[in-house]
Amino acid sequence: TQLLEQSPQFLSIQEGENLTVYCNSSSVFSSLQWYRQEPGEGPVLLVTVVTGGEVKKLKRLTFQFGDARKDSSLHITAAQPGDTGLYLCAPQNSNSGYALNFGKGTSLLVTP
Amino acid sequence: GAVVSQHPSWVICKSGTSVKIECRSLDFQATTMFWYRQFPKQSLMLMATSNEGSKATYEQGVEKDKFLINHASLTLSTLTVTSAHPEDSSFYICSARKGQMNTEAFFGQGTRLTVV
């Protein structure tokens, strides 16, 4: 069974601060996706990383896939209240089928 | 982008009754859909995989007789919570993907179930 850890579980910061969220596993992933969920809604895809060492940027969000494809990070620069939400990582392996199994998530609150 | 619609968005029911939640893919056909459950301040937990024209695949610990899944068409899956009890109160979310690994998963808006 793949052990997946996401940290921190909760994070409360002020507008303008930077933060990093981590997603780690004991297993190698084929790929990994990051989603964000706002209260009362379904998650929305932010990014898919596939290649070890890959870095993708989405405005103030920077996603990195570890060289060994066992971990990933999400860094937010100059956080804004609109970044508030639950950030979820979802690793995938070729034998895991369609279903997404999410990490425990990081609940981020950005206050003005 | 693709849209997945879930209905109702919220429902309150009495203990012992059954509640049906619908999940529709609006602009694509989904041979497979997924049902998740989410408790407050927690992540999504995969309950089952709904397969069009065949039986659903349930995750370990999920009672298939409690959570009935029907996927009768390529655009509709339903989850029925049977004989609901207060501990079944939760946020239920469905999902569908256009392709396999690495494709985007589209989620419904979720259904807030409260059993009183």
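Our subject is the structure that appears above.
Keep in mind that what you see is a predicted model, and the values were worked out from it rather than measured.

Trainee: Describe the overall build of chain A, with residues and values.
Mentor: Looking only at helices and strands, chain A features zero helices and 10 strands. Traced from its N-terminal end to its C-terminal end, chain A shows the element sequence β-β-β-β-β-β-β-β-β-β. Based on the C-alpha atoms only, the size of chain A along its principal axes is roughly 45 × 30 × 20 Å. Residues counted as buried form 45% of the 112 residues belonging to chain A. The distance from the centre of the 8 positive side-chain charges to the centre of the 9 negative ones in chain A is 6 Å.

Trainee: For the interface of chain B and chain A, give the residues involved together with the corresponding values.
Mentor: Chain B puts 23 residues into the contact, and the matching count from chain A is 26 residues. Between the two partners, chain B and chain A, sit zero salt bridges. In this assembly, chain B and chain A are joined by six residue pairs in polar contact (both at pLDDT 80 or more). Those elements that provide at least two residues to the side of chain B that touches chain A are strand E4 (32-38), strand E5 (44-51), strand E9 (90-97) and strand E10 (105-107) of chain B. By residue number, the principal contributor to the side of chain B that touches chain A is E4(B), which donates four residues. The class makeup of the residues in the side of chain B that touches chain A is nine nonpolar, 11 polar and three charged.

Trainee: Residue-level account of the side chain of A:Glu54, with values.
Mentor: If you trace the backbone, A:Glu54 turns up in the loop between strand E5 (44-49) and strand E6 (55-58). Separated by 2.9 Å, the side chain of A:Glu54 and the backbone nitrogen of A:Thr51 make a polar contact.

Trainee: Talk me through the pattern of salt bridges; I want residue IDs and the actual numbers.
Mentor: For the structure on display, the rule yields five salt bridges over all chains. With a shortest N-O distance of 3.7 Å, A:Glu54 and A:Lys56 are connected by a salt bridge. Here B:Arg24 and B:Glu22 are joined by a salt bridge, their closest N and O atoms 3.4 Å apart.

Trainee: Outline a nonpolar patch on the surface, listing residues and values.
Mentor: A surface patch of nonpolar side chains, amounting to about 370 Å² of accessible area, comprises B:Trp10, B:Ile12 and B:Val116. On the secondary structure map, B:Ile12 appears in strand E2 (residues 10-13).

Trainee: Explain the state of the cysteines residue by residue, including any values.
Mentor: Summed over the entire model, instances satisfying the criterion amount to two disulfides over all chains. One disulfide in the model links A:Cys23 with A:Cys89; its S-S distance is 2.1 Å. Judged by the sign of its S-S torsion, about 70 degrees, the bond between A:Cys23 and A:Cys89 is right-handed. In this pair, A:Cys23 sits in strand E3 (residues 19-25) while A:Cys89 sits in strand E9 (residues 85-92), placing the two residues 66 residues apart along the sequence. For A:Cys23, a relative accessible area of 0% puts it in the buried group. Assessed through its relative accessible area of 0%, A:Cys89 is described here as buried. Shown here is the disulfide that connects B:Cys23 with B:Cys94, its sulfur atoms set 2.0 Å apart.

Trainee: If you had to explain the environment of A:Gln92 to someone new, which residues and values would you point to?
Mentor: Along the chain, the position of A:Gln92 falls in strand E9. A relative accessible area of 1% places A:Gln92 in the buried class. A C-alpha to C-alpha distance of 29 Å links A:Gln92 and A:Ser12, two positions 80 residues apart in sequence. Within the structure, A:Gln92 has its side chain in polar contact with the side chain of B:Arg97 (distance 3.0 Å).

Trainee: Quick one: what's the story with the sheet that holds strand E10 (residues 106-111) of chain A, residue by residue and with numbers?
Mentor: Residue and element names in this part refer to chain A. Sheet architecture is open: five strands sit in the order E2-E10-E9-E4-E5, paired in mixed fashion. Two strands in the sheet have a free side with no partner beyond their single neighbour: strand E2 (10-14) and E5. Each adjacent strand pair in this sheet contributes to an overall mean axis angle of 20 degrees, direction not counted. Where strand E4 (residues 31-37) lies against E9, seven bridges are found, and the strand directions are antiparallel. Bridge pairing in E9 links Arg36 to Tyr87.

Calculation rules
Residues numbered from 1 in each chain as written. Chains lettered and ligands numbered in written order. Predicted model: local features only at pLDDT ≥ 70, side-chain atom pairs only at ≥ 80, totals over all residues. Heavy atoms only, no water. Helix = DSSP H or I, 4+ residues; strand = E, 2+ residues; numbered from the N terminus. Buried < 20%, exposed > 50% of the residue type's maximum accessible area, 1.4 Å probe, protein only. Lys, Arg positive; Asp, Glu negative; His and termini not counted. Charge placed at Lys NZ, Arg CZ, Asp CG, Glu CD. Contact = heavy atoms within 4.5 Å. Salt bridge = Lys/Arg side-chain N within 4 Å of Asp/Glu carboxyl O. Polar contact = N/O pair within 3.5 Å; in protein donor to acceptor, adjacent residues only side chain to side chain. Nonpolar A, V, L, I, M, F, W, Y, C, P; charged D, E, K, R; others polar. Patch = residues over 30% accessible without salt bridge, like charges linked within 9 Å, V, L, I, M, F, W, Y side chains within 5 Å. Areas by Shrake-Rupley, 256 points an atom, 1.4 Å probe, with all protein chains shown as cover. Disulfide = S-S within 2.5 Å. Pairing = 2+ DSSP bridges. Axes fitted to C-alpha atoms, helices over the stretch in contact; angles between N-to-C directions.

All quantities given are derived from atomic positions and should not be read as evidence of function.
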